[in-house]
Each structure stands twice: as structure tokens, then as C-alpha cells.
Amino acid sequence: MESLAATLGSYLQPPDVLTLEGDLGAGKTTFAQALAKSLGVTRTVSSPTFTIIKQYEGNYPLNHLDVYRLANSEEDLGWDELFYGDAISIIEWAQFIEEELPEQRLEIVIHHTGETTRTVELMPKGERFTRICEEIFT
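Okay, so let's go over this structure. Because the structure is a prediction, the values reported are computed rather than measured. (Residues numbered from 1 in each chain as written. Predicted model: local features only at pLDDT ≥ 70, side-chain atom pairs only at ≥ 80, totals over all residues. Heavy atoms only, no water.)

As enumerated under the stated definition, the model contains one aromatic pair in all. Taking the ring centre of Phe129 as reference, the NZ or CZ of Arg128 above it sits at 5.7 Å. (Phe/Tyr/Trp six-rings, centres within 6.5 Å; stacked < 30°, edge-to-face > 60°. Lys NZ or Arg CZ within 6 Å of the ring centre and 35° of its normal.)

Okay, structure coming up:
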């Protein structure tokens, strides 16, 4: 996962949005940590479960959101500023804010396939992310 995150990180720029889905323990935060590292973040990246959003500085500003607690909520955290601003955003449990997400994004689903194994499925939404995925896997 670290290798994929590092490769993907080399293509990202603001205001790119990535969503991370997967069961508890699948590796969403681990993927976010590796991606943050590839973007030059030197602070420790931890799950923003209780704060909903954490912001980091690296090569670009990075927003790391965990919106699990927003299920069945009408809460607006300033989505337009977050998703169309000067930062890259990584969103865990994004299905809970589906209607707020930009059309152009990369959906990443992590499947827990064993104690130490995972499969990662990339689903590009929009031409930019389709091109990125094609470049990574060709």
C-alpha cells in the first residue's frame, strides 16, 4: 500500500479529492499516512475520527477527514472551501457525505483479504483521475 500511495501522491495537486472506503481495520488510515508522507507531510498523521478533520502542511496543504460521525447529519463543514480550495483532501467513510463530494475525485476501496494482505480498488471519477490511473497501471 505504501508503494501505491507514494506513486499516487506524485500525481496529486490541489484541489484533488480522494475518498477511502473499507471496513474497520482495512487500512484506510495507513493508506492516508503513506499518502501524506509522499506529499511531504512530516507530522504524525492519525485518524481524525473524533475531530472529523485534521489539516497538515507538506508540499501542499492536506485535509484528512473522517466523516463517519456525520452519518445522518446535516452538518456543513464548508465543503466548497475544503474540496475546491488550495488543499488535497483525503476522506474516510465518504459515503456519508456523498451529495457533498465533487464529481471529479478518486474513490479508493481497501479490502481486507488476510491478516497482512489487502487489495486496493481505484475507481476514478472524471477524466483527470482516469488518466492518472491509466498512467499508474500501464
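Okay, back to it.
Our next topic: the sheet that holds strand S1 (residues 17–21). Taken in spatial order, the six strands make up an open sheet running S2-S3-S4-S1-S5-S6, and their pairing is mixed. Where the open sheet ends on each side, the last strands, each with one partner, are strand S2 (53–57) and strand S6 (118–125). Taken over all neighbouring pairs, the strand axes of this sheet differ in orientation by 20° on average, direction set aside. (Pairing = 2+ DSSP bridges. Helix = DSSP H or I, 4+ residues; strand = E, 2+ residues; numbered from the N terminus. Axes fitted to C-alpha atoms, helices over the stretch in contact; angles between N-to-C directions.)

Residues Leu8 and Ile108 are the most contacted members of the largest nonpolar core, which totals 27 residues. When residues of this core are traced back to their parent elements, those giving at least two are helix H1 (2–9), S1, helix H2 (28–38), strand S4 (88–92), strand S5 (105–112) and helix H4 (127–136). At five residues, the largest contribution of residues to this core is made by H2. When sequence neighbours within four positions are dropped, the list of residues in contact with Ile108 reads Leu8, Leu18, Thr19, Leu20, Glu21, Phe31, Val120, Glu121 and Leu122. (Core = buried A, V, L, I, M, F, W, Y, C linked by side-chain atoms within 4.5 Å. Buried < 20%, exposed > 50% of the residue type's maximum accessible area, 1.4 Å probe, protein only. Contact = heavy atoms within 4.5 Å.)

To continue, consider the packing of H1 against H2. Between H1 and H2, the least distance of the axes is 8 Å, while the angle of their chain directions is 45°. On the basis of their axis angle, the class for H1 and H2 is oblique. Between H1 and H2 the crossing geometry is right-handed. Across the interface between the two elements, Glu2, Leu4, Ala5, Ala6, Leu8 and Gly9 from H1 touch Phe31, Ala34, Leu35 and Ser38 from H2. Taken together, the residues of the contact of H1 with H2 sort by class into seven nonpolar, two polar and one charged. (Parallel < 35°, antiparallel > 145°, perpendicular 65-115°, else oblique. Left-handed = near helix turned anticlockwise from the far one by under 90°. Nonpolar A, V, L, I, M, F, W, Y, C, P; charged D, E, K, R; others polar.)

A few words on the pairing of S5. Extensive coverage of S5 is indicated by the burial of six of its eight residues. Sheet topology note: the S1/S5 ladder contains four bridges and is parallel. Each residue of the ladder has a partner; that of Leu18, found in S5, is Leu106. Examined bridge by bridge, S5 and S6 share eight bridges and lie antiparallel to one another. The partner of Arg105 across the bridge, within S6, is Lys125.

Everything listed here is a matter of geometry and, on its own, says nothing about what the molecule does.
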